[in-house]
Amino acid sequence: MATSSVAFKSREDHRKQLELEEARKAGLAPAELDEDGKEINPHIPQYMSSAPWYLNAERPSLKHQRKWKSDPNYTKDWYDRGAKIFQADKYRKGACENCGAMTHTTKSCMERPRRVGAKWTNKHIAPDEKIEAFELDYDGKRDRWNGYDASTYARVIERYEARDEARRKYLKEQQIKKLEEKNNKEKENNSDSSDDDDDDDDDDEDELKVDEAKVDESKQMDFAKVEKRVRTTGGGSTGTVRNLRIREDTAKYLLNLDVNSSYYDPKTRSMREDPLPDADPNEKFYGGDNQYRASGQALEFKQLNIHSWEAFEKGQDIHMQAAPSQAELLYKEFKVKKEKLKSHMKDAIMEKYGNAASEEELPRELLLGQSEREVEYDRAGRIIKGQEKALPKSKYEEDVYINNHTSVWGSWWKDHQWGYKCCRQTIRNSYCTGSAGIEAAEAAADLMKANIARKEAAEEKPAEVEEKRLAVWGTDVPEDLVLDQKRLAEALKKEDERKREERDERKRKYNVKWNDEVTAEDMEAYRMKKVHRDDPMKDFLH
C-alpha cells in the first residue's frame, strides 16, 4: 500500500482499506496509481511504499525510493540509426570525395568506392548523417541493452507462431485424410455384408469422427480457454489456466480401487506397477511407470550410463555427469565398433562353414554325393587305389610307441591309475617287460597277500582288561559300589566338624593338614551332608 495520508481512520474505513489491499494483491481490483499515472505494485511492503512525514506527500508515490540527485546531463536516448538530415544537389567543399556527404571524410566513408567520385561527377550526392553526442555515466556506457527496441522481438514471436500454426494445420489435414481413407475402406468391406442396419450405424459413427476431427482444437472442451480478470502489475491476471489434461481421462490411481493393487505414491505421483495386469494390453493405455523405464529413450539412457561405468572401471577417463557429450560420443563409437566386429565374425564363420540359409546353389557333388574321381576297391571293401587315407588332425602325436611298448599310454586302467596295456605298468617312462612282466607282477601280488594273511594269523589278540570305575570327585555313583559302614560313620563325623569350622572361624586351627586321598565313604558323606538348592526342606535341616 502506498498511502500518504496519516489522518485518523475509523474501524470501518480501516477494514475497507485492508479489503481493498487484499483485492489488489489478488488481482481483483486495479492497482493504485502514483503522481505520474504509473501503477504501484500492491505487493510492495508498507515500510517501503509509505513516504516519510517530512516530505509532505499528498498522493501515493514511490519517488522517495528513487534517486533524488540525478545527473541532468544523463539521458536514456540513443543514436537514431540510419537517420538523414540534408541531401545536397551538388558537391560542397570539404565533403567526402567519394559520396559527397559533409559528415565524414573520404577515408572513413562506408559506401562502395566509386569509379569516379561525386566530387567530379556531381551526381548521386549522399545525404548527411545525423550525428549525436551523449554524455553517459558509468552505468550508461556499460549498459548493453541501451538503445534496444523491445518491439522488434514481436517479429520473432510472429514467425514462431506462424510456424506452429502451419504445423498444426498440416497435422490436422493428415488426421482428416487418414480418417477418410479408413472410412472408405470400411465402406467397401461392409458393402459385401448382408446386415444393412449395422453398416448404417458404423457409417454414422465414422462420419461423426470425421466431423470431430474437422473441428478446431480450440473449440473442443474449452481446452485453450483463458479468462482474464484484471491485468495488474502485481499479477493475478488469469482466472482459468490452460487445461493440460482432458477430464475424460481417468487418473491412474482410479484405474483399480482394490487396496491390494499397485501402490500409488501421492508425493511423487508415481505408480510403478501395472494397476490392471489382467486386462487386455490392446485396450489399456497405461501399464505402470516401469513400462516407460524399460522402453524408448529411458532404456537407451540406462545403457549409456552402464557403458560409462564399465569404461571408467576399465581405466578410461569418462564421466557421464561431468562430460555427457563425450560419454555419448564414446558410446556411439563403441556401438559402431561392436557392429563392425560382429559382422566381421559372422562373415568369417560363413566363409569357413558356409551359409545354409542362402539362396546360392551348392555344388552337384555335395548335393548328390557323386564325383568323377575313380576309386578302386578289393573284395573286402578296402580302398586299393584312388583315394588317400584321411589322417586325423590333432595337436598330439598318435600311434607313437616308446620304450619297446606295443600300446600307447592310457590304454590300461586299474585302481584309478593309467598305464600300458601291453605290460600293465602305471609308470609313464617305464620300459616294456611284456607278458613276463605281467606274470611277475601277479606273482608278487599273490606273495604279498599270503604274507599279510600269515602275519594276521600269527598275531594274538591281547586280553581285554575290564576298566574299574571309581567314584571320584564329580562323577556319578556306580550301581555296584559297596561302602564300609564303620568308615562311613567316621566320614560323617569329619564332615560335621568341617561344617562347624566353616560356620565359626574362631575354631579354625592355624596349622591345617590337608589330605588329598578321597575315599568312596568320604564322597558318600559329602553327598549326604550336601544342601541341595532345589530342596524345599533345606531350611529345616539345621
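Quick summary incoming for the structure in this document. None of these values were measured; they are calculated from a predicted model.

## Things to note about unusual backbone geometry
- With phi around 55°, Asn122 is a residue other than glycine that occupies positive phi space.
- Assignment of secondary structure puts Asn122 in the loop between helix H3 (118-121) and strand E4 (128-129).
- With relative accessibility at 39%, the residue Asn122 sits in the partly exposed group.
- One non-glycine residue with positive phi stands out, namely Arg269, at about 55°.
- Locating Arg269 in the fold gives a position in the loop between strand E6 (238-240) and helix H7 (289-293).
- Assessed through its relative accessible area of 61%, Arg269 is described here as exposed.

## Details of the pattern of salt bridges
- Tallied over the full model, the rule gives 17 salt bridges.
- We note a salt bridge from Glu19 to Arg15, for which the minimum N-O separation is 2.6 Å. Here Glu19 pairs with Arg15, and both are found in helix H1 (residues 11-26), just 4 residues apart, close to one helical turn.
- Overall, Glu19 belongs to the partly exposed group, its relative accessible area being 45%.
- The salt bridge involving Glu32 is made with Arg24; its shortest N-O contact spans 3.5 Å.
- Its relative accessible area of 17% is what places Glu32 among the buried residues.
- The class of Arg24 is buried, set by a relative accessible area of 15%.

## A word on the packing of aromatic side chains
- Applying the stated criterion to the full structure yields 7 aromatic pairs.
- Measuring from centroid to centroid gives 5.1 Å for Tyr253 and Tyr264, while their planes differ by 45°, and the two rings are tilted. Here Tyr264 lies in the loop between E6 and H7 and Tyr253 lies in the loop between E6 and H7, a separation of 11 residues in the sequence.
- The exposure class of Tyr253 is partly exposed, given its relative accessible area of 44%.
- Members of the aromatic cluster, connected to one another through ring pairs, are Trp78, Tyr79 and Phe134.
- The residue whose ring lies beneath Arg142 is Tyr138, and the NZ or CZ to ring-centre distance is 3.7 Å.

## A short note on a nonpolar patch on the surface
- On the surface, a cluster of nonpolar side chains totalling about 460 Å² of accessible area is made up of Trp145, Tyr148, Tyr153 and Ile157.
- Along the chain, the position of Ile157 falls in helix H5 (residues 153-190).

## Regarding the packing of helix H8 (residues 297-313) against helix H9 (residues 324-353)
- Between H8 and H9, whose axes approach to 10 Å, the crossing angle comes to 90°. Accordingly, the angle class assigned to the pair H8 and H9 is roughly perpendicular. Side by side, H8 and H9 meet where Gln303, Leu304, His307 and Ser308 of the first sit next to Ala327, Glu328, Leu330, Tyr331 and Phe334 of the second.
- Residue classes in the contact of H8 with H9 are distributed as 5 nonpolar, 3 polar and 1 charged.

## Description of the packing of helix H12 (residues 485-503) against helix H13 (residues 520-529)
- Two numbers describe how H12 lies on H13: the axes approach to 8 Å, and their chain directions differ by 50°. When the axis of H12 is compared with that of H13, the two are oblique. At the point where H12 passes H13, the crossing takes the right-handed sense. Each of Arg487, Leu488, Ala491, Leu492, Glu495, Asp496, Arg498 and Lys499 in H12 lies in contact with H13, whose residues at this interface are Glu521, Asp522, Glu524, Ala525, Tyr526, Met528 and Lys529.
- Here the residues of the contact of H12 with H13 are counted per class, giving 6 nonpolar, no polar and 9 charged.

## Regarding H8
- In this model H8 runs 24 Å from its N-terminal to its C-terminal C-alpha over 17 residues, within 8% of the 24 Å that 1.5 Å per residue would give.
- For H8, every residue scored as buried is listed here: Leu304, Asn305, His307, Ser308 and Ala311. Viewed along the axis of H8, the buried residues span an arc of 160°, placing them on a single side of the element. Across H8 from its buried face, at more than 90 degrees, point the exposed residues Trp309 and Glu313.
- Each element contacted by the buried residues of H8 is listed here: H9.
- Looking one or two residues beyond H8, the residue adopting positive phi is Gly315, at roughly 110°.

## Description of helix H11 (residues 434-458)
- The terminal C-alpha atoms of H11 lie 37 Å apart, and with 25 residues this matches the ideal 36 Å at 1.5 Å per residue to within 8%.
- Looking only at H11, the buried set comprises Gly434, Gly437 and Ile438.

## Focus on the nonpolar core
- In terms of nonpolar packing, the biggest core is built from 6 residues, these being Leu304, Ala311, Ile318, Met320, Ala327 and Tyr331.
- If you list the elements that add at least two residues to this core, you get H8 and H9.
- Ignoring sequence-local partners within four residues, the contact set of Ala311 consists of Gln316 and Ile318.
- Counting 5 residues, the second largest nonpolar core, distinct from the first, contains Cys96, Ala101, Cys109 and Ala126.

## So, the side chain of Glu521
- Along the chain, the position of Glu521 falls in helix H13.
- One buried charge, Glu521, has no salt-bridge partner; the nearest side chain with opposite charge is Arg487, at 4.8 Å.
- Contact partners of Glu521, with chain neighbours within four places excluded, come to Leu483, Asp484, Arg487, Leu488 and Ala491.

Conventions we followed
- Residues numbered from 1 in each chain as written.
- Predicted model: local features only at pLDDT ≥ 70, side-chain atom pairs only at ≥ 80, totals over all residues.
- Heavy atoms only, no water.
- Helix = DSSP H or I, 4+ residues; strand = E, 2+ residues; numbered from the N terminus.
- Buried < 20%, exposed > 50% of the residue type's maximum accessible area, 1.4 Å probe, protein only.
- Salt bridge = Lys/Arg side-chain N within 4 Å of Asp/Glu carboxyl O.
- Phe/Tyr/Trp six-rings, centres within 6.5 Å; stacked < 30°, edge-to-face > 60°.
- Lys NZ or Arg CZ within 6 Å of the ring centre and 35° of its normal.
- Patch = residues over 30% accessible without salt bridge, like charges linked within 9 Å, V, L, I, M, F, W, Y side chains within 5 Å.
- Areas by Shrake-Rupley, 256 points an atom, 1.4 Å probe, with all protein chains shown as cover.
- Axes fitted to C-alpha atoms, helices over the stretch in contact; angles between N-to-C directions.
- Parallel < 35°, antiparallel > 145°, perpendicular 65-115°, else oblique.
- Contact = heavy atoms within 4.5 Å.
- Nonpolar A, V, L, I, M, F, W, Y, C, P; charged D, E, K, R; others polar.
- Left-handed = near helix turned anticlockwise from the far one by under 90°.
- Expected span 1.5 Å × (residues − 1).
- Arc of directions from axis to C-beta.
- Core = buried A, V, L, I, M, F, W, Y, C linked by side-chain atoms within 4.5 Å.
- Lys, Arg positive; Asp, Glu negative; His and termini not counted.

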